[in-house]
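Structural characterization, general
Chain by chain, the residues run as shown.
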Amino acid sequence: MKRHYYIGLSLFILIVVLIADQLTKWVVATQMMIGDSFTVIPNFLSITSHRNNGAAWGILSGQMGFFILITIVIIIALVVFYIREAKNNLFMQVAISLLLAGALGNFIDRVMNGEVVDFVDTLIFGYDFPIFNIADASLTLGVGLLVILLLTDKTNDKRKV
């Protein structure tokens, strides 16, 4: 069976998200002091300069070696998964590209700075959501797309276990 990879689109997504992530982090890191904030949409969205040396919500703070190692393993696994499982599936290739872009974006920060630059500060239905960045949003969107794909994949019903 011929495999169809939409490598051009996958690379485009990966590069655009990675550039947007790194550029916005650079602007925040060079133009704002940590803790500085300005409102974009009142009672909903602010840009707040924040640093995180852990995972989401600061989990495992200070464990940079662990994060670097686990990110390398995840990136390799995503590339292998892309090659083996995403053939003929544009939706899955887009999801994996978003996951790779997010993982690489935060990986670059960890290797270069020992911490991740976060800046998107949202208030959702009165809940002050943890500050995040474009790489985090890309990871979340990629996971969401994969979950949708796995929940709607009809081929899983036909496979023999």
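Residues numbered from 1 in each chain as written. Predicted model: local features only at pLDDT ≥ 70, side-chain atom pairs only at ≥ 80, totals over all residues. Heavy atoms only, no water.

Going by an unreviewed UniProt entry, the protein chain carries the name Lipoprotein signal peptidase and comes from Staphylococcus rostri. Under the Catalytic activity (unreviewed entry) heading, UniProt states for the protein chain: "Release of signal peptides from bacterial membrane prolipoproteins. Hydrolyzes -Xaa-Yaa-Zaa-|-(S,diacylglyceryl)Cys-, in which Xaa is hydrophobic (preferably Leu), and Yaa (Ala or Ser) and Zaa (Gly or Ala) have small, neutral side chains." (UniProt positions renumbered as here; feature names shortened; annotations may be inferred.)

What to know about the packing of aromatic side chains
Across all of its chains, the model carries 3 aromatic pairs by this definition. With centroids separated by 6.1 Å and ring planes inclined at 80°, the aromatic side chains of Y127 and F129 adopt a geometry described as edge-to-face. Members of the aromatic cluster, connected to one another through ring pairs, are Y127, F129 and F132. When the ring centre of F67 is taken as origin, the NZ or CZ atom of R110, which lies over that ring, is 4.7 Å away. (Phe/Tyr/Trp six-rings, centres within 6.5 Å; stacked < 30°, edge-to-face > 60°. Lys NZ or Arg CZ within 6 Å of the ring centre and 35° of its normal.)

Structural notes on unusual backbone geometry
Most peptide bonds take the trans configuration, and most residues that are not glycine carry a negative phi. The backbone of N43 sits at a positive phi, close to 60°, despite the residue not being glycine. Residue N43 is classed as exposed on the basis of its relative accessible area of 67%. For N88, which is not glycine, the phi torsion reads 60° and is therefore positive. Counting through the fold element by element, N88 comes out in the loop between α2 (64-85) and α3 (90-113). (Buried < 20%, exposed > 50% of the residue type's maximum accessible area, 1.4 Å probe, protein only. Helix = DSSP H or I, 4+ residues; strand = E, 2+ residues; numbered from the N terminus.)

So, the pattern of salt bridges
One pass over the structure, following the stated rule, counts 2 salt bridges. Here D109 makes a salt bridge to K25, at a shortest N to O gap of 3.1 Å. Taken together, the positions of D109 in helix α3 and K25 in helix α1 (residues 7-31) put the pair 84 residues apart, joining distant regions of the chain. There is no split in this pair, since D109 and K25 are both buried. (Salt bridge = Lys/Arg side-chain N within 4 Å of Asp/Glu carboxyl O.)

Considerations on the UniProt feature "active site" (unreviewed entry) in the protein chain
Mapped onto this numbering, the UniProt entry annotates "active site" (unreviewed entry) at D118 and D136. In three dimensions, the annotated residues from a span of 19 residues occupy one location, with a maximal C-alpha spread of 8.9 Å. Tracing the chain through its elements places D118 in strand β3 (residues 116-124). Overall, the relative accessible area of 2% leaves D118 in the buried class. Only 2.8 Å separates the side chain of D136 from the side chain of N106, close enough to count as a polar contact. (Polar contact = N/O pair within 3.5 Å; in protein donor to acceptor, adjacent residues only side chain to side chain.)

Considerations on the UniProt feature "transmembrane region" (unreviewed entry) in the protein chain
Cross-referencing UniProt, the feature "transmembrane region" (unreviewed entry) maps to residues 54-83, 90-109 and 129-151 in the present numbering. End C-alpha to end C-alpha, residues 90-109 measures 29 Å, and it is 100% helix and 0% strand. Secondary structure across residues 129-151 comprises 78% helix and 0% strand; the distance between its end C-alpha atoms is 27 Å.

Section: α2
For α2, spanning 22 residues, the distance from its first C-alpha to its last is 30 Å, which sits close to the expected 32 Å at 1.5 Å a residue. The inward-facing, buried residues of α2 abut α1 and α3. (Expected span 1.5 Å × (residues − 1). Contact = heavy atoms within 4.5 Å.)

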